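Given next are the chains, with one letter for each unit.
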Amino acid sequence: MKKMPLQFLLFLVLSGFTLSCNNKSKEENLQEDSTETGLPDSDSKNNSTKNDTQPFDINSIPVSDAALSDIPFFSLPNNIIYQNKPLNRDYDEIYFPLTKGSTLEKISGKSFKSYLVEDDKGSSDWSLPYLLKSYDDAIKSVGGVLVFEGEISKEQSDYLKANATYLGEEGSIDYWNEPVKVYVIRKAAGDNIYIQLYGNSASGAIQVVQKEPFKQTITLLKADQIQNDLNEKGKAVLHINFDTDKASLKPDGQDAVAEIAKVLQANKDLKIEINGYTDNAGTADRNQKLSEARAEAVKNEIIKTGIETGRLTAKGFGQEAPIADNSTEDGKAQNRRVELVKR
């Protein structure tokens, strides 16, 4: 075998060294370019995914000191109108996607919802970018922060369908087909404002909630009012408080029973039927049994005061015959009731 000349071997070694240095230089330059242009490397991608699933923290939002009017806080952009009469409620519960991948958060308080469409009498056709840009600028101008933008996950979608009873009513958002944008305006008093928007090529929707605690407006009927209602209407409607999903009376529920007993003690010939009702939370079968148990519990507590058993009957009607809207907390509270019917 013929030996290679020494000069040729030296040439090969030097060529390999030069090629190695060039490749290394290219890799370093690529990493530098990635850093300068914001292209994600493997570590930053992992960190981004981790941050997307972190729980929402209201303390991460700067406090806004902007003076705002009443809900919905902002006027409509030019050439856009509400499709129908907006839903404006003193209290409601609406779910918001606040971070990617985490469970939707239920925000309770004063609410506003409506579909948004083009004004047929206006001078411009519908434009989704115009709608979104108008609200984006307006909300950010008062210290609002965009906290979520995009489509919700399948897990979030399933959670929403299982818990949000208001889907399909005025102002509902089609999370399953279109991206949604969610903003938060943090207020010093804690009455933070949550706004979500969505739209497509023909229309949009807006939902607004100003967070605040539920204010109870139901008061205890006294014996004289119960008596008047029985005389004038033939029945009296009472909102007797029980332990959640149970037939055991709370202390103020015991007070209500005491008022019923006073009426029966003052009218020895009076006989009443005690009818129990629930809201629509849970299954119809469960609500039927719960209403029966609660009516029976009221009857038994009245008997303990010395009223004869024959003057009382108890029936349950479950979630049938609601007297208010079950899609709101206030309506549900109205439907959880006991009716005393004169026999």
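What you see is a predicted model; the values in this text were computed from it and never measured.

Reading the values: rules and limits
Residues numbered from 1 in each chain as written. Predicted model: local features only at pLDDT ≥ 70, side-chain atom pairs only at ≥ 80, totals over all residues. Heavy atoms only, no water. Helix = DSSP H or I, 4+ residues; strand = E, 2+ residues; numbered from the N terminus. Buried < 20%, exposed > 50% of the residue type's maximum accessible area, 1.4 Å probe, protein only. Pairing = 2+ DSSP bridges. Axes fitted to C-alpha atoms, helices over the stretch in contact; angles between N-to-C directions. Contact = heavy atoms within 4.5 Å. pLDDT = per-residue confidence, 0-100. Expected span 1.5 Å × (residues − 1).

S.K.: Quick question: what am I supposed to make of unusual backbone geometry here?
M.R.: Here the amide bond leading from Ile71 into Pro72 is cis, since omega sits at 20°, within 30 degrees of zero. Take Pro72: it is sitting in the loop between strand E1 (63-64) and strand E2 (80-82). Of note, the phi angle at Phe73 is positive, near 75°, even though the residue is not glycine. Along the chain, the position of Phe73 falls in the loop between E1 and E2. Phe73 sits in the buried class, given a relative accessible area of 11%. If you check the backbone angles, Asn79 has positive phi at about 70° while not being a glycine. Of note, Asn79 is situated in the loop between E1 and E2.

S.K.: Quick question: what am I supposed to make of the sheet that holds strand E11 (residues 312-316) here?
M.R.: Adjacent strands of a sheet pair through backbone hydrogen bonds, lying either parallel or antiparallel. Spatial ordering of the open sheet is given by E9-E12-E10-E11, a layout of four strands whose pairing is mixed. Of all strands in the sheet, those bounded by a partner on one side alone are strand E9 (235-238) and E11. Each adjacent strand pair in this sheet contributes to an overall mean axis angle of 20°, direction not counted. Pairing of strand E10 (residues 272-277) with strand E12 (residues 337-342), which is carried by six bridges, proceeds in the antiparallel orientation. Within E12, the position partnered with Ile272 by the bridge is Lys342. Its contacts with the sheet place helix H7 (residues 284-303) against E10, E11 and E12, and it is angled at close to 160° to E11.

S.K.: Honestly, the confidence of the model for the protein chain in this entry has me stumped. Any pointers?
M.R.: Parts of the model with low pLDDT should not have their predicted coordinates read in detail. Mean pLDDT over the protein chain: 86, with 85% of residues reaching 70 or higher. This stretch, residues 17-21, has a pLDDT under 50; its non-local contacts, to residues over four places away or in other chains, come to zero contacts. Segment residues 23-51: pLDDT under 50, and one contact once partners within four positions in sequence are set aside and those in other chains are kept.

S.K.: When you look at H7 in this model, what are you seeing that I'm missing?
M.R.: Turn by turn, an α-helix covers 3.6 residues, leaving residues three or four places apart pointing in a common direction. Taking 1.5 Å per residue, 20 residues should reach 28 Å; H7 reaches 29 Å between its end C-alpha atoms and fits that length. Considered for burial, the residues of H7 that qualify are Asn287, Leu290, Ser291, Arg294, Ala295, Ala297, Val298, Lys299, Glu301 and Ile302. Lining the buried residues of H7 we find helix H6 (251-266), E10, E11 and E12.

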